[in-house]
Amino acid sequence: MTDRSATSFDIRMRCAIALALLLPLGLATRAQPYLFWPFVAEHGGDALWCAALLIALRAVFTRMRPWRIALLAFAVASAVEFSQLYRADWLDAMRRTGVGRLTLGSGFVWIDFARYAAGALIGHAVDVLLLKADEPV
């Protein structure tokens, strides 16, 4: 009998592939919204941001259970959202850059928490189905 569990390297490679697919899709919802259904164009970017965050966290924490990674991704995304209530010149300057706006957001919006929850569920599904399929949920 052989050990079928994925190594940390295997998981990280799967994460890199998943991120290579998720990131352009999420960016496309912002840059080319007319390519998507209006609902997806409006909400998809934030959901996919959280899903990509989850996959990035999976690459770091390769042995953590998938549901814990999903909760951690939602918590980090929520913390970033709450950080938008804090105003400091240096932080606002970062948020005015393209990368800063994409990673830190630009303004607090309550609906983003629902988007992050959807993204955590999407990321959890990717995690369980593609990245850690040999481990129990």
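Residues numbered from 1 in each chain as written. Predicted model: local features only at pLDDT ≥ 70, side-chain atom pairs only at ≥ 80, totals over all residues. Heavy atoms only, no water.

Participant: Help me understand the layout of surface pockets in this model?
Facilitator: Take a probe with the size of a water molecule and roll it over the atoms, and the empty space left behind shows itself. Taken as a whole, the largest pocket encloses approximately 580 Å³ of empty space. Along its surface, the largest pocket is lined by 25 residues, and R30, D46, W49, R101 and L102 are the ones closest to its centre. Of all the secondary-structure elements, those providing two or more residues to the lining of the largest pocket are α1 (8-31), α2 (38-60), α3 (66-83), α5 (98-104) and α6 (111-131). The computed volume of the second largest pocket comes to approximately 160 Å³. Lining the second largest pocket, in full, are F39, V40, H43, G44, A47, L48, I111, A114, R115, A118 and I122. Mapped onto the lining of the second largest pocket, the elements with two or more residues apiece are α2 and α6. When residues in the lining of the second largest pocket are grouped by element, the largest group, six residues, is from α2. (1 Å grid on protein atoms, 1.4 Å probe; cavity = no way out; pocket = protein on both sides within 12 Å on 5 of 7 lines; lining within 4 Å. Points joined across faces, edges and corners; volume = space filled by probe spheres on them. Helix = DSSP H or I, 4+ residues; strand = E, 2+ residues; numbered from the N terminus.)

Participant: What is the right way to look at the nonpolar core in this model?
Facilitator: Across soluble globular proteins, you tend to see nonpolar side chains buried next to one another. By size, the foremost hydrophobic cluster in this structure holds 23 residues, and its most contacted members are C15, C50, L54, I55 and A73. A per-element tally of this core places α2 first, with nine residues. For A73, the residues in contact, after removing those within four places along its chain, are C50, L53, L54 and L57. (Core = buried A, V, L, I, M, F, W, Y, C linked by side-chain atoms within 4.5 Å. Buried < 20%, exposed > 50% of the residue type's maximum accessible area, 1.4 Å probe, protein only. Contact = heavy atoms within 4.5 Å.)

Participant: Explanation requested: the confidence of the model for the chain in the structure shown.
Facilitator: Detailed reading of the predicted coordinates is not advisable wherever pLDDT is low. Chain-level pLDDT for the chain is 90 on average; 92% of the residues reach the 70-or-more range. The element-level mean pLDDT for the chain is lowest in α5, coming to 89, with α3 highest at 96. (pLDDT = per-residue confidence, 0-100.)

Participant: Would you take a moment to explain the packing of aromatic side chains for this structure?
Facilitator: Any aromatic ring pair is given by two values, namely how distant the centres are and how the planes are angled relative to each other. All chains considered together, the criterion is met by eight aromatic pairs. Here the aromatic rings of F82 and F113 are separated by 5.1 Å at their centres, their planes lie at 45°, and the arrangement is tilted. With F82 in helix α3 and F113 in helix α6, the pair connects residues that are 31 residues apart, well separated along the chain. We classify F113 as buried; its relative accessible area is 13%. Put simply, the rings of W49, F82, F108, W110, F113 and Y116 touch in pairs and so form one group of aromatic residues. (Phe/Tyr/Trp six-rings, centres within 6.5 Å; stacked < 30°, edge-to-face > 60°.)

Participant: Sorry, what's going on with the pattern of salt bridges here?
Facilitator: For side chains bearing opposite charge, pairing can occur when the charged atoms are close. On inspection of all chains with the given rule, the structure shows six salt bridges. As a salt-bridge pair, R30 and D46 come within 3.1 Å of each other at their nearest N and O atoms. Taken as a pair, R30 in helix α1 and D46 in helix α2 lie far apart in primary sequence, 16 residues in all. We classify R30 as partly exposed; its relative accessible area is 43%. Assessed through its relative accessible area of 13%, D46 is described here as buried. D112 serves as the salt-bridge partner of R115, at 2.6 Å between the closest nitrogen and oxygen. Of the two residues, R115 and D112 both sit in helix α6, three residues apart, roughly one turn of that helix. Across this residue pair, the class does not change: R115 and D112 are buried. One salt-bridge network, held together by shared partners, links R30, D46, D112 and R115. (Salt bridge = Lys/Arg side-chain N within 4 Å of Asp/Glu carboxyl O.)

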